[in-house]
Amino acid sequence: MVFPKLVIQTGIFAYAVSSVTAVDISVSSTGGNATNGHQYGFLHEDINNSGDGGLYAELIRNRAFQISEGFPATLDAWHPINGVELSLKNLSIPLSDVLVTSMNVAASPEQGEVGFFNDGYWGMDVKASRKYSGSFWVKGAYSGQFTASLQSNVSGETFGTANITSQSTAGEWTEHEFELTPSKDAPNSNNSFVLTFDASGVSGGSLDFNLISLFPPTFRGRKNGMRTDIAEALEQFHPTLFRIPGGNMLEGLTNRSWWDWKNTLGPLKNRPGFTGAWGYQQTNGLGLVEYLEFAEDIGMEIVLGVYDGLSLNGDITPESQLQYYIDDALDEIEFIRGPADSKWGSVRAELGHPDPWKLQYVEVGNEDWLSGGWETFKEYRFPNFLSALNEAYPDIQVISSGSYYDGYDIPQPAGGDYHVYAEPDTLVAEFNKFDNITTPHIIGEMAAIHPNGGSGWDGPQQPFPWWGGTIGEAVSLIGYERNQDRIIGAAYAPIIRNMNRWQWAITMIQFTADTVTRSTSWYMWELMAAHTMTETLPATSQFDPLYYVAGRNNQTGGHIFKAAVYNSTDGVDVPVKLAFEGVAPGTSGELTILTGPEDPYGSNDPYTGVNVVKTSKTTIRSDKSGNFQFNLPDLSVAILDTSPATTRRWNRTTRRKT
Ligand code: AHR
């Protein structure tokens, strides 16, 4: 327990000369607290094209020429083939009430094979092993074939083709569906979707197209589902908490453009465009049902955000008009978990989900202390929501979108939400932040984003999660986990970023059309989340530079110790001597240690694909006094788990060992 500090502090990292004795930690077998078992998760909203062009697997960009308050219909991503004229038209017979604009393709008969192509969300990943499912709606008299294909933008090579016999007529919209299996892999993602037809078969000089869609095989084979490689990268860090739908996306830019869940239900042709909050039009394709299915597929507990009358521009709903939004939130909850014969439960059943989903956590609003919303939130918006939700659903944990800001006394029985985007020193300094709170909290958004000394809300962000920041996050996560009887869970945010268009640099995962890069933080969160404690146990409290939490998993029978070392004196290893009361001498445990690159600012750069995180796994045994003894390097994260190897992994959905 001796860390003589002769420290020269440079930036986040300390250099000094020291002699070190072990941190001696005894863990009691009693007096702990039950955890809720879903500590680690993430926030998803469509930022950084993380929804459209990201997690949502649709390959066609601007598939339905949608319109919203913030954006007109455009021909973005669409390009003519063989001299046709592409234009937007609002026909007297639109595809639907909400998809009112379509693309007119004008050609004269002698132009031959004509059409258009779409270059997707900055390319398309084309693989021979995949069956792509496509569809499009067309109106106009055409007798002949449509040809759908995937082609290289570089060489013009065609990788796969489907021929579709036209059913199209002049008087109405007709949907055409097809499947397309490439015969070879494309060498890169610089590819387009191409649709052509024979102009000589068209009467009337043009055809009108709308809702042109192409999906690769999706995660778990869900229709209208998620992109497999991104979903797998998320699933593989074992998240068990899923906060949706934001974030700023929930609030919207104005009180006419908040995320209205009712616009996201049912057939795609009934979903209008959505302005979103991040500077681009969204499709509403990744809707409430898709989120719930994804949560179900991965085994995540939902934290549902409901709009509470505050938007980002400072629009605030007066109390006299608030009931509309309270009713809307009650409808949404009924849709998710009401009986199949209730008004909104029956809509869910009609959409193919007769069984209710689980919903235990509902958060009112997002960051209501911002945008001038705090006073009205405290005065009438939150109290009105809280009493209505408590009355209708007494078992739901209602969460205020704010925490104890300005001395706010969160009304009981509500919980709070704390957000922290910070430098690593701040995350480490907050290790004890929740030790004395009694009100349950989520950490609804957290990440290390600024280098030490470079912070302030508007300060520069690092380009990617970096190892020193990852360790800062680990220390905060350990602090939350020590209080997991009250901390419902922590969510990384924002979670993913399309490297072709993004608004926020620091994300756990970066991707392009055909790559997925796990950041340094992904590896740390994965390790932490892979070892679930069902109970935390009291332990000797001797922190800095070693931060830790101990507990056990009553399903696997194992004892667990999670630790991080941040800025050890002289950068030397920290020896640890650890004993769990009641654990016999000679017990074996798996010790996993993550260390980073020599440069603590090192990152997993998506352009090189090099993983700078090193993982070491060893089996160690407690000595004859029952102590586990090991050294932890500076800037490392470690987990010791004594669960028998066969029971170490347990099923996150059933919360039972597999
Ligand atoms: O995660 C990015 C944004 O940060 C969220 O939308 C918002 O809640 C926060 O300010």
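Residues numbered from 1 in each chain as written. Predicted model: local features only at pLDDT ≥ 70, side-chain atom pairs only at ≥ 80, totals over all residues. Heavy atoms only, no water.

The protein chain carries the name Glycoside hydrolase family 51 protein in an unreviewed UniProt entry, which gives Hypoxylon rubiginosum as its organism.

Observations concerning the side chain of glutamate 332
Note the following rule: Strands are runs of DSSP state E lasting at least 2 residues, helices are runs of H or I lasting at least 4, and numbering of each runs from the N terminus. The rule is simple: take the accessible area with a 1.4 Å probe, protein chains only, and divide by the maximum for that residue type; under 20% is buried, over 50% is exposed, in between is partly exposed. Here Asp and Glu are counted as negative and Lys and Arg as positive; His is not counted, and neither are the chain ends. By definition here, a salt bridge exists when the distance from a side-chain nitrogen of Lys or Arg to a carboxyl oxygen of Asp or Glu is within 4 Å. Throughout, a residue-residue contact means that at least one pair of heavy atoms, one from each residue, lies within 4.5 Å.
Mapping glutamate 332 onto the fold places it in helix H4 (residues 323–337). One buried charged residue, glutamate 332, forms no salt bridge at all, with the nearest opposite charge on lysine 262 at 8.4 Å. What glutamate 332 contacts, discounting residues up to four positions off in sequence, is Trp259, Trp261, Leu288, Leu304 and Val306.

Quick notes on the sheet that holds strand S13 (residues 174–180)
Condition: Following DSSP output, two strands are said to pair if at least two bridges run between them. Axes here refer to lines fitted to C-alpha atoms; in helices the fit is confined to the stretch in contact. Angles between the N-to-C directions go from 0 to 180 degrees.
Spatially, the 5 strands line up as an open sheet ordered S7-S8-S15-S10-S13, and their pairing is antiparallel. Unpaired on one side and paired on the other, strand S7 (85–89) and S13 mark the two borders of the sheet. Put simply, the sheet's adjacent strands are angled 35° from each other on average, direction ignored. Looking at chain direction, strand S10 (residues 132–142) and strand S15 (residues 202–215) are connected through 8 bridges and run antiparallel. Within S15, the residue paired with glycine 134 across the bridge is leucine 214.

So, the packing of H4 against helix H6 (residues 374–392)
When two helices pack together, you describe them by how their axes are tilted relative to each other and by the distance separating the axes. Heads up, the rule is: Crossings are classed by handedness, with left-handed meaning an anticlockwise turn of the near helix from the far one by less than a right angle and right-handed meaning a clockwise turn. The classification used treats Ala, Val, Leu, Ile, Met, Phe, Trp, Tyr, Cys and Pro as nonpolar, Asp, Glu, Lys and Arg as charged, and all other residues, Gly among them, as polar.
The geometry of H4 relative to H6 is characterised by a closest axis approach of 10 Å and an angle of 35° between their N-to-C directions. Where H4 crosses over H6, the two elements pack in a sense that is right-handed. Listed contacts from H6 to Tyr325, Ile326, Ala329, Leu330 and Ile333 of H4 are Asn384, Phe385, Ala388, Leu389 and Ala392. Considered class by class, the residues forming the contact of H4 with H6 number 9 nonpolar, 1 polar and no charged.

Considerations on the site of the ligand
Selection criterion: The criterion for a residue being near a molecule or strand is simple. One of its heavy atoms has to lie within 4 Å of it. Contacts described as polar in this section are N or O atom pairs within 3.5 Å, which, within protein, must combine one atom able to donate a hydrogen with one able to accept it, while residues neighboring in sequence count only if both atoms come from side chains. Residue exposure ignores everything except the shown protein chains as possible cover, and the areas themselves are Shrake-Rupley values with a 1.4 Å probe.
The immediate surroundings of the ligand are formed by Glu45, Gly247, Asn248, Trp278, Asn366, Glu367, Tyr421, Glu445, Pro494 and Trp504. For the ligand, an oxygen atom lies 2.8 Å from a polar atom in the backbone of asparagine 248. A distance of 2.7 Å is found between an oxygen atom of the ligand and a side-chain nitrogen or oxygen belonging to tyrosine 421. Protein coverage of the free-state accessible area of the ligand, which is 280 Å², stands at 97%. Of the residues belonging to the shell around the ligand, the class tally is 4 nonpolar, 3 polar and 3 charged.

A word on the packing of helix H8 (residues 467–482) against helix H9 (residues 520–530)
Keep this limit in mind: Here the angle decides the label: under 35 degrees means roughly parallel, over 145 means roughly antiparallel, 65 to 115 means roughly perpendicular, and every other value means oblique.
Relative to each other, H8 and H9 sit at 25°, their axes nearing to 9 Å. It follows from the interaxial angle that H8 and H9 lie roughly parallel. Of the two possible hands of crossing, H8 and H9 adopt the one that is right-handed. Only Thr520, Ser521, Met524, Trp525 and Met528 of H9 make contact with H8, whose side of the interface consists of Trp467, Thr470, Glu473, Ala474, Leu477 and Ile478. In terms of residue class, the contact of H8 with H9 is built from 7 nonpolar, 3 polar and 1 charged.

Observations concerning the nonpolar core
Which entries qualify depends on this criterion: What we call a nonpolar core is a set of buried Ala, Val, Leu, Ile, Met, Phe, Trp, Tyr and Cys residues that are connected through their side-chain atoms within 4.5 Å.
Within the largest apolar cluster, 124 residues are counted, with the highest numbers of intra-cluster contacts made by Leu234, Phe294 and Trp525. Setting aside chain neighbours within four positions, we find phenylalanine 294 in contact with Phe42, Leu55, Phe219, Met226, Ala231, Leu234, Phe242 and Met300. Of all hydrophobic cores here, the second largest spans 36 residues; its members include Met103, Val138, Phe146 and Phe178.

Focus: the pattern of salt bridges
For side chains of opposite charge, pairing can occur when their charged atoms come near one another. Overall, the coordinates contain 28 salt bridges when judged by the stated rule. A salt bridge links arginine 227 to aspartate 229, with the nearest nitrogen and oxygen atoms 2.7 Å apart. For arginine 381, the salt bridge is made with aspartate 308, and the minimal N-O distance between the two is 3.1 Å. With arginine 381 in helix H6 and aspartate 308 in the loop between strand S17 (301–306) and H4, this pair connects stretches of sequence that are 73 residues apart. Each of the two residues, arginine 381 as well as aspartate 308, counts as buried. Counted as one network, the salt bridges with shared partners bring together Arg243, Glu363, Asp417 and Glu445.

Comments concerning the side chain of serine 189
The topology assignment puts serine 189 in the loop between S13 and strand S14 (191–198). Overall, the relative accessible area of 15% leaves serine 189 in the buried class. If near-sequence neighbours (up to four positions away) are discounted, serine 189 is found in contact with Gly123, Met124, Ala513 and Asp514.

Considering unusual backbone geometry
Put simply, glycine 246 and glycine 247 share a cis peptide bond, and its omega is 25°. Along the polypeptide, glycine 247 turns up in the loop between strand S16 (241–244) and helix H2 (248–251). In the segment running from glutamine 412 into proline 413, the intervening peptide bond is cis, with an omega of 5°. Inspection of the secondary structure assignment puts proline 413 in the loop between strand S19 (397–400) and strand S20 (416–422). At asparagine 224, a residue that is not glycine, the phi angle is positive and equals roughly 60°. Along the chain, asparagine 224 turns up in the loop between S15 and helix H1 (228–235).

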